[in-house]
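Here are the chains, one letter per residue:
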Amino acid sequence: MVYKDVAVLITCHNRKDKTLACLEAFYKCFVPEGYKFIIFLVDDGSSDGTREAITIKFPNVNIVQGDGNLYWNRGMRLAWDTATKAKDFDYYLWLNDDTFLFDDALIILLSRPYTGSIVCGTTQSEVSQKATYGGYSNKPHKLLIPNGEFQECTYLNGNCVLIPKAVFQEIGNLDPIFHHAVGDFDYGLRAKKKGIKLLVAPSFVGTCESHTVLPKWRTASVPLKKRLQSLYLPTSGCSPKQFFVFDKRHNGLFAACFHYFTIHLRAIAPSLWNIKKKLT
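Residues numbered from 1 in each chain as written. Predicted model: local features only at pLDDT ≥ 70, side-chain atom pairs only at ≥ 80, totals over all residues. Heavy atoms only, no water.

**Quick look at the side chain of Thr 123**
Argument step 1. Position of Thr 123 relative to the elements: it lies in strand β6 (residues 118-124).
Argument step 2. On the accessibility criterion, Thr 123 (0% relative accessible area) is buried.
Argument step 3. Of the polar contacts made by the side chain of Thr 123, one reaches the side chain of Thr 132; its length is 2.8 Å.
Argument step 4. With residues near it in sequence (within four places) discarded, Thr 123 still touches Thr 99, Lys 130, Ala 131, Thr 132, Tyr 133, Phe 204, Gly 206, Thr 207 and Cys 208. (Helix = DSSP H or I, 4+ residues; strand = E, 2+ residues; numbered from the N terminus. Buried < 20%, exposed > 50% of the residue type's maximum accessible area, 1.4 Å probe, protein only. Polar contact = N/O pair within 3.5 Å; in protein donor to acceptor, adjacent residues only side chain to side chain. Contact = heavy atoms within 4.5 Å.)

Structure (structure tokens):
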């Protein structure tokens, strides 16, 4: 039998238990007939024994060492680059290390071999069962709920995304200009501009809890200086310079300038935004 090869791309940093749980869930998945899966995992400078634990428990995982400054986007980019140098894969699967796949997830994602489209898996909260991450519609802006069919979406989270070789050959890797956030949205939008469809898989593929903690740069009780410092951290989720590049690329210069201003205004006076949110 001629197999189709799938490279599974993961990046992690200092959350050993979650990373191990992610790998354990993956290896419990049913493997679709005719497919082989190889994991490339970037350990981005973990100091909690992640690398050692993976080596012992999952020796088949290809571990790539990061320097601790890659974060999600650049970590995933390194995993992808390593995979492409190792083999000519038929598919690439992005997988967050806090996403725990259901045993039928791989079958769901590959239930129809969309060789020219990106397929996004939707996750749900293990506690509330509500959808947490996946593909979004633009008008109205909402997270699409799996309905038994493949649905087209406008942009997507990178928690669980299947990318065929043909798409990779057209779009390439994640853009290294993005450090942590936004890279997944950017990739999907770049693909759409090339006429590539973004599809939401027909069923939930796993669990992943929402990151609901308000960032420091939006928290009024945090001193202003620390709010502004936090805004420029890679993990802020809205790094102004990187978001400006994203916004200009996909929404135009005016929108990029406007949002660059309002992001800083939101950090300077978060209480005003909280009042506005309550009124609306």
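**A word on the pairing of strand β13 (residues 198-207)**
Argument step 1. Burial of β13 is extensive: 9 of the 10 residues sit out of reach of the surface.
Argument step 2. One ladder, built from 2 bridges, connects strand β5 (residues 100-101) with β13; its direction is antiparallel. For Phe 100, the partnering residue across the bridge sits in β13 and is Thr 207.
Argument step 3. As judged from the 6 bridges shared by β6 and β13, these two strands associate in the parallel manner. (Pairing = 2+ DSSP bridges.)

**A short note on the pairing of strand β2 (residues 35-44)**
Argument step 1. The element β2 is largely enclosed, with a buried count of 8 among its 10 residues.
Argument step 2. In this region the chain leaves strand β1 (residues 4-12), passes through helix α1 (residues 16-27) and returns to the parallel neighbour β2; the handedness of that crossover is right-handed.
Argument step 3. Note that β2 and strand β3 (residues 62-66) share 5 bridges and pair parallel. For Val 42, the partnering residue across the bridge sits in β3 and is Val 64.
Argument step 4. With helix α2 (residues 50-57) bridging β2 and its parallel neighbour β3, the resulting β-α-β unit is right-handed. (Right-handed = clockwise from strand over helix to strand, strands pointing away.)

**Some thoughts on the pattern of salt bridges**
Argument step 1. Within this structure, the stated rule accounts for 12 salt bridges.
Argument step 2. The salt bridge involving Asp 98 is made with Arg 15; its shortest N-O contact spans 3.8 Å. With Asp 98 in the loop between β4 (91-95) and β5 and Arg 15 in the loop between β1 and α1, the pair connects residues that are 83 residues apart, well separated along the chain.
Argument step 3. Taking relative accessible area as the criterion, Asp 98 reaches 4% and is therefore assigned buried.
Argument step 4. Look at Arg 15 and you get partly exposed, because its relative accessible area is 30%.
Argument step 5. Between Glu 152 and Lys 192 there is a salt bridge, and its shortest N-O distance comes to 3.7 Å. Here Glu 152, found in strand β10 (residues 151-152), pairs with Lys 192, found in helix α6 (residues 183-193); they are 40 residues apart in sequence, far enough to count as distant. (Salt bridge = Lys/Arg side-chain N within 4 Å of Asp/Glu carboxyl O.)

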